[in-house]
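Architecture and fold: a report
Residues per chain are reported as follows:
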Amino acid sequence: MTVEDVKRTDDGPALMLANEAVVRGALEADVKVVAFYPGSPTSEILDTFGEVLDHFGDYRMEISANEKVALETAAGASMAGQRSFVSMKSVGMNVASDSMFSIGYTGLNAGCVCLIADDPYAHSSQSEQDGRYFGEAAYVPMIEPATAQEAKDMTKWAFEVSERHKTLVIMRTTTRVNHQRGMVNLGKLDRTPFKKNKWADVKGEYFTVGAIARALKAKILERTKKVRKEFEKTKFNFIDEGEGDTGIITAGVCYLHSKEAMNNLNMELPVLKIGTLFPLPEQKIGEFIKPLKRLIIVEELTPYLETRITALAKDINPDLEIIGKRSGHFSEMLEYNVPIVEKVLASVFETKPSLDYDAILERAEKLKADLPERSPIFCPGCPHRGTLWAFREALRKLKIRDDIVYNNDIGCYSMAFLPPNNFSDSMLAMGASLGVSAGMALSLEDKVIAMVGDSTLYHAALPGIVNLIHHNANVTLFVLDNSVTAMTGQQFNPNSPYDAGRSPARKIDMEKLFEGLGADKITVIDPYQTRDSVKPIMEAIEAEGLSVIIARRDCALYGDREKKRAGEKIIPSENDKETCRGIYACVKEFYCPAIVVDESDHKMMIVQDLCDGCLECRQVCPVDAPYHVGGA
Amino acid sequence: MEGTYNIMFCGVGGQGLMLLSSILGKAATDSGIKVMTGEQHGLSQRQGSIYVHFRMGNPISPLIPYGKADLMIAMEASEALRYIEYLKDDGIIIMSNRVMPSVAETREVALDKDEKTKYYTIEEIEEKLRQVTDKIILLDSLELATKAGNPKTENSVLIGAVTACDDFPIPADEVKESVLELVPPKTVKANTKAFELGQEAGGDCLG
């Protein structure tokens, strides 16, 4: 498997996920400190570093409370003379950027690289945020790979650039790069033992304010000039020679889509592939566009390259026709693929794409017209299903379903907006439910409910909670404590007794935390005791002040793995059809994918290989029909 | 190998699609064939729709263009239809006959008092797929896996069937070796049998 390839000491070829190639690149650069908060599409970087941590034993790793802390950890290590690496998803940089902008000013010491991954199409993010502006806005060099090979090579190179210019370097990726597997020629692995430094030996000054900030600003403008000069010459900005007076400028995965599209059309246009987003290689771009009549710019999301290249063309080649987003050929929406690029190329050259893609899509849409959708859903055995059912029951009994406002947060439980729950009046960003609740508590007559998971609690919810308590706000807060950061792959967090690679860590005592802050009421429920949870939830909702409901039960996927580790079996449940009266509470109110209808007798049936044996469905059933085979 | 051979893997989260893709990735690499994939990771919930674009030879983009997959391997039948735009006309589909209903569908079936609303059937799916290709290897993968001695060897059944396709670029022995190397050691015997049963069944389907 590919983790084995990450460990290899030779320099042969390997088939690797780009996220694994990034890890390999950092290891080849002899990285010494790594820190992360998980987030798709970067989580496998964290997971891979965790998996090989013991094997190497010569770097230090932390799963941080949030991305800002992770970036600061890497920065602190760099100041202390240790090469460091950090990665996060697009919106993670929003959290980290406060420190990132200052780091842009202060600079750093040992090589420090930060990967940020944008998610065009918002596969698993709250927006199609374009993170390319961070580099320019903070004067921090930013690079972008297209393949697994480049992901490895550019990570390694980024450490050198960072150290040479004493600055953070950001590597920007997109989902289709992170989750691309390809052949990678490994470099040699020369690891050195981990050794703590003495501050006196490495010391520098890392503060910025007022007059110091103004002096630093002048310095970073000089630094940017030097980096630009280096970037003009790097092999990661390169030209593929071609024919004609129409050229393409592109970057990242769009380079690959463009090359394949040209291949399909038997076209060979000259292509400038950009590897450095900031500073852009302006001279190289100028030389490339000077002889052209037409330029096609292929980039997803905003016209970042297009805007800057259009400005350059004004002086260098004012008659250049630019085909991109402003011309209406490409969209700022969604992610691109070969057909999208091929269709634009074909239209520009007044020819036809290699296949009638529109007809293929149209036929497929017709064939799929009746195909039932498969929306994301809580896993079988998920405790959130029980918590949300009990919450709905509590609202029904209190007769206040229409007198509440529900502020959702980021995690698996975000899916509470889907049927059968249909909750979610707001959902913005990690921890945002608390701040939004403060505003709503000031403004609405209704009962204000907020919901966070344990990882989100420690990530960004704490200031919001302190704020609510301080202002005596009347809010009910659910904390869904499932032990891990579930959605991104069950990583450990401050709520776990473990850190990366299952090394020991201290678990924060959640009840003590809320007691210490002065929460007005703390209620703990077990979502698997679903029925018994209704009354405590009702009481908690009726309480004045900040009332906290901790719903505690392991994430089913994590719990199953822990059971397996302990040699325990997962016993699926069955439906006792003699008892079952076809009430379908388990179907209507519960939406468990292990529950189906047996078409022979129209009674509920539990799919054995999907069932997790949680028996939450028995709790929901008015006649207790589901049971565990062999009692219990 | 010359040119590019594209496989669209699809299924439902939790079925082991990533392992299947790793097995073929290893087999191809060991045979000296270049591989590139576009994978769907991300939200880790079970029972969602998932896919892997698996490309061999000289692909450039990680994503297969619509209508250019030579082969589709579906671990769940309705997922074959969900990604049908990727299959070329007359491409091969190797699919399990298992249909895993979505909760929304179960709700509709359950709440129809007249019991007229039925689940989407494998026959309906097959009829639609046949409008794109007749080369369909429909396998009762669970039954074959159970026959092999372990119901969890469905993946090996499907992958065995792959080697029955004439123009499949990786030699059958390499694929088998890679399967046995990557499955848990205790299950090697059942997986060997499952692979062989899949190979036979695949050969029968394609005639």
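The rules behind the values
- Residues numbered from 1 in each chain as written.
- Chains lettered and ligands numbered in written order.
- Predicted model: local features only at pLDDT ≥ 70, side-chain atom pairs only at ≥ 80, totals over all residues.
- Heavy atoms only, no water.
- Helix = DSSP H or I, 4+ residues; strand = E, 2+ residues; numbered from the N terminus.
- Rg over C-alpha atoms; globule rule 2.2 N^0.38 Å.
- Buried < 20%, exposed > 50% of the residue type's maximum accessible area, 1.4 Å probe, protein only.
- Contact = heavy atoms within 4.5 Å.
- Areas by Shrake-Rupley, 256 points an atom, 1.4 Å probe, with all protein chains shown as cover.
- Expected span 1.5 Å × (residues − 1).
- Patch = residues over 30% accessible without salt bridge, like charges linked within 9 Å, V, L, I, M, F, W, Y side chains within 5 Å.
- Salt bridge = Lys/Arg side-chain N within 4 Å of Asp/Glu carboxyl O.
- Polar contact = N/O pair within 3.5 Å; in protein donor to acceptor, adjacent residues only side chain to side chain.
- Nonpolar A, V, L, I, M, F, W, Y, C, P; charged D, E, K, R; others polar.
- Pairing = 2+ DSSP bridges.

**Notes on the overall build of chain B**
Of regular secondary structure, chain B possesses eight helices and six strands. Ordered by position from the N terminus, the helices and strands of chain B form the series β-α-β-β-β-α-β-α-α-β-α-α-α-α. A compact globule built from 207 residues would reach a C-alpha radius of gyration of about 17 Å, and chain B, at 17 Å, matches this within 12%. For the C-alpha atoms alone, the extent of chain B along its principal axes is close to 60 × 40 × 40 Å. Sorting the 207 residues of chain B into buried and exposed places 61% on the buried side. Of all intrachain contacts in chain B linking residues separated by at least 6 positions in sequence, the fraction that spans at least 24 positions is 65%. Of the roughly 8000 Å² that chain B leaves accessible, carbon and sulfur atoms contribute 48%.

**Side note on helix 1 (residues 17-30) of chain B**
Residues and elements named next belong to chain B. The terminal C-alpha atoms of helix 1, which comprises 14 residues, lie 20 Å apart, in line with the 20 Å expected from a rise of 1.5 Å per residue. Buried residues of helix 1: L17, L20, S21, S22, I23, L24, G25, A27 and A28, and no others. G32, located one to two residues past helix 1, shows a positive phi value of around 80°.

**Here we look at a nonpolar patch on the surface**
Residues Y121, M333 and L334 of chain A make up a contiguous nonpolar surface patch of roughly 310 Å² in combined accessible area. By secondary structure assignment, the location of L334 of chain A is in the loop between strand 14 (321-323) and helix 15 (338-348).

**Section: the interface of chain A and chain B**
Every contact between the two is made by 64 residues of chain A and, on the other side, 59 residues of chain B. Counting every contact that joins chain A to chain B gives eight salt bridges. For the interface between chain A and chain B, the tally reads 24 residue pairs in polar contact (both at pLDDT 80 or more). Among the elements of the structure, strand 1 (13-17), strand 8 (180-185), helix 12 (253-264), helix 15, helix 16 (357-367), helix 23 (585-588) and strand 21 (595-598) of chain A are those that each provide at least two residues to the side of chain A that touches chain B. A class-by-class count of the residues in the side of chain A that touches chain B yields 35 nonpolar, 15 polar and 14 charged. The sheet contact formed by strand 8 of chain A and strand 2 (residues 35-39) of chain B spans two bridges and is antiparallel. Of the residues in strand 2 of chain B, the one forming a bridge with Q180 of chain A is G38 of chain B.

**Considerations on helix 22 (residues 556-565) of chain A**
Of the positions making up helix 22 of chain A, those classed as buried are A556, L557, Y558, G559 and D560 of chain A. Close packing links the buried residues of helix 22 of chain A with helix 17 (383-398) of chain A.

Spatial relationships are all this shows, so hold off on functional conclusions.
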